[in-house]
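Fold and geometry: a report
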Amino acid sequence: MQSWRRKSLWLALSASSLVLVLLGVFPLLRLAVPSRLQPVAPHGWPRWLDVELLQSFFQPGELLENAPPPPQAPRGSSCNWGACFHTSKCKSDGLKVFVHWTAGPASETHLHRRVLASLEGSRYHTRSPSEACLLLLLLSHDTSAEECSLVPPHWNGGRNHLVLSLQPAPCSRAAQLGQAMVAEASPTVDTFRPGFDVSLPLLPEAHPLRGGAPGQLRQHSPHPRAALLALAEEGGRWRTASTYAPTCSWDGHCEQDPGPEQTHSGGVLPNATFCLIPGRQAEASRFLQALQAGCIPVLLSPRWVLPFSEVIDWTKAAIVADERLPLQVLAALQEMAPARVLALRQQTQFLWDAYFSSVEKVIHTTLEIIQDRIFGTSAHPSLLWNSPPGALLAMPTFSRSPQDFPFYHLQQGSRLDGRFSALIWVGAPGQPPLKLIQAVAGSQHCAQIVVLWSNDRPLPSKWPETAMPLTVIGGRRKVSDRFFPYSTIGTDAILSLDAHSSLSTSEVDFAFVVWQSFPERMVGFVTCSHFWDEARGSWGYTAEMANGFSMVLTTAVFYHRYYHTLFTHFLPQPLRTLADEAPTCVDVLMNFLVAAVTKLPPIKVPYGKQQQEAAPLVRRCGDRAPGSPGPRLQAQPLDQNCINQMALQFGHMPLISSRLRLDPVLFKDPVSVQRKKYRSLEKP
């Protein structure tokens, strides 16, 4: 009886449970758990360099409230690169730019004149609109609405035009600019057309034309007492605070002791690790100040597009954070690893020097971006834009592969070909360099010998027999011919020689071995030094024997063949003309070029025969040969003026002094000569 009652009770309970499940639980489950995951709208997450540092502070839905609306497409404009730009005229002759001359306030501004000066004499400029691939129209912030409506000649609805304004564009895009691209300073996110327009930095009126001031970062890590933060304030001032407390807000008020605070005027760059820049368009000018100072920009919900963001990877140099999370952002900045801080600060210095330190670099970077669109992204891979020395100094006419340039061998893991080409320049009348050819031909690393005959005497009928090809090329009687990118030269390394040079095979072999370890630098035998003459207030250079040097003579020097391309196609024509008019200036110009590109000095190797044979080489650098009576830094020859003209054209003095000389193992050691590899280096 009892067992029957138990069975009845269990049956009743089971039936009740089943009814409850069928009637209640399944509908509840359907309400609580969807049958499949639904796509969730993305939260308004800030574009942060180290997202994982903020995840612990982030709650689902926290950033959704008051999130900024997504960027809207530019109003009234459907232009893109394929629809509004014809590349047919560009691919044959490259990017040629014609500048419309505009009357009115735009043509009277100092910045406008510097834009024109940065184009004239460059490889982009043309004076004929029919030859131009791109027509440039300059606007200023004073341009009136009536001037915006004026249509320049060859306007064609704005097709293949670039409207450039170094201030926020004063003209309405849809009404007046038509199909033209717009390159303006700090454009707003809602009007910028990615892939068509170009975002420029907001430059001060006194921004230098060329060169520009170097970056301010002098240490690899911030000083222990340096401020952690610098906050941009109204009126162009910076306020720095040595605070590491997580309770500080953007207005600088802290619940804990913030340490000393200082306010700096707009002309003083901030001395801090991080620079907090509000997202208002009016604060965009602070961005360049932070870059120059080596202060990592922390942009708080910016409403403007970062300059040259189409090609520059700003995640390597700046931080974009949400201004509604002040405590979390400050805590994340404090927790950032010192190695990451150092990498960010170093990248700010590279970007400042490569693209922003002068008006000329800003304009040329803009044109290089457009040229990359014409020839495709392979013209300048991201590595070239974001690694020293930068895309402006990596010409796609030479190669589109980073491993072919002398600066990227280590990064790409590529190997040099292990051979060199000897280029012997015969410019002055005299005997053919038969002895020099034999000495160079004896090198195991020599692949070919090229003789550049640049004088009026007839060519010799007989040349020495060599195991490698010997080619004779007729020159144009110009000193700059020796740095032309001849297609005959097929090796990475070039040994540049004068017909009057005197080298032994051992000297050549050892110098080439040294160059293989430093392919981006010049490796030479005879050196010069530049100096600042306080009495004259100008630069000079001398060949006086001293421990320091900053140049090597091109009469006997190893370098990469890419510098021939830069010398011919990158340097302005006035500089090459100066070198042709004053032959001794060509040494200075080549050293200027390599130093400006690499930011490194040349390397000196031992030169065994420094007696009578060396005298002609030395006189090319100084006013008198070593040992001549009288002080050598007086009565400089007129052609030394070229160093000042070149410094003016470059906008700064790129030469760097060094005291490094590399000698072979056991060089001049008191051991048997038979144990030395380069024995002839020590022979008298």
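As a reminder, the structure under discussion sits directly above these lines.
Predicted, not measured: the structure shown is a model, and the values here were computed from it.

Considerations on helix H9 (residues 285-293)
Counting buried positions over the nine residues of H9 gives eight, a clear majority of the element. Along H9, the residues classified as buried are Arg-286, Phe-287, Leu-288, Gln-289, Ala-290, Leu-291, Gln-292 and Ala-293. A positive backbone phi angle near 70 degrees is found at Gly-294, which sits one or two residues after H9.

Section: the packing of helix H19 (residues 585-598) against helix H21 (residues 642-650)
For the pair H19 and H21, the least separation of the axes is 10 Å and the interaxial angle reads 30 degrees. Compared by their axis directions, H19 and H21 come out roughly parallel. Pair H19 / H21 crosses with right-handed handedness. Together, Cys-585, Val-588, Leu-589, Phe-592, Leu-593 and Ala-596 of H19 and Cys-642, Ile-643, Met-646, Ala-647 and Phe-650 of H21 make up the contact between the two elements. Its residues placed into classes, the contact of H19 with H21 shows 11 nonpolar, no polar and no charged.

Some remarks on the state of the cysteines
Working definition: the covalent bond between the sulfur atoms of two cysteines is a disulfide. Here the structure, examined in full by the defined rule, presents four disulfides. Sulfur-sulfur distance for the disulfide between Cys-79 and Cys-84 comes to 2.0 Å. The sign of the S-S torsion, about -85 degrees, decides the handedness of the disulfide formed by Cys-79 and Cys-84: left-handed. Assigned by exposure class, Cys-79 and Cys-84 land together as buried. The disulfide that involves Cys-90 links it to Cys-133, with 1.6 Å between the sulfurs. Across the disulfide from Cys-90 to Cys-133, rotation about the S-S bond amounts to roughly 75 degrees, and the bridge is consequently right-handed. One end of the pair, Cys-90, is in helix H4 (residues 90-93); the other, Cys-133, is in the loop between helix H6 (110-119) and strand S2 (134-139), and 43 residues separate them in sequence.

As for the packing of aromatic side chains
For the coordinates displayed, the defined rule picks out 26 aromatic pairs. Relative to Phe-356, the ring of Tyr-355 has its centre 6.5 Å away and its plane inclined at 85 degrees; by these criteria the two rings are edge-to-face. Accessibility classification places Tyr-355 together with Phe-356 in one group, the buried group. Between Phe-512 and Phe-558 the ring centres are 5.7 Å apart and the planes differ by 50 degrees, which places this aromatic pair in the tilted class. One end of the pair, Phe-512, is in helix H16 (residues 505-517); the other, Phe-558, is in strand S20 (residues 556-560), with 46 residues separating them in the sequence. Of the two residues examined, Phe-512 and Phe-558, each falls in the buried class. Here the aromatic cluster, defined as three or more aromatic residues joined through ring pairs, consists of Phe-287, Trp-304, Phe-308, Trp-314, Phe-350, Tyr-355, Phe-356 and Trp-385. A cation sits over an aromatic face here: Arg-286 above Trp-238, 5.3 Å from the ring centre.

Cut-offs used in this document
Residues numbered from 1 in each chain as written. Predicted model: local features only at pLDDT ≥ 70, side-chain atom pairs only at ≥ 80, totals over all residues. Heavy atoms only, no water. Buried < 20%, exposed > 50% of the residue type's maximum accessible area, 1.4 Å probe, protein only. Helix = DSSP H or I, 4+ residues; strand = E, 2+ residues; numbered from the N terminus. Axes fitted to C-alpha atoms, helices over the stretch in contact; angles between N-to-C directions. Parallel < 35°, antiparallel > 145°, perpendicular 65-115°, else oblique. Left-handed = near helix turned anticlockwise from the far one by under 90°. Contact = heavy atoms within 4.5 Å. Nonpolar A, V, L, I, M, F, W, Y, C, P; charged D, E, K, R; others polar. Disulfide = S-S within 2.5 Å. Phe/Tyr/Trp six-rings, centres within 6.5 Å; stacked < 30°, edge-to-face > 60°. Lys NZ or Arg CZ within 6 Å of the ring centre and 35° of its normal.

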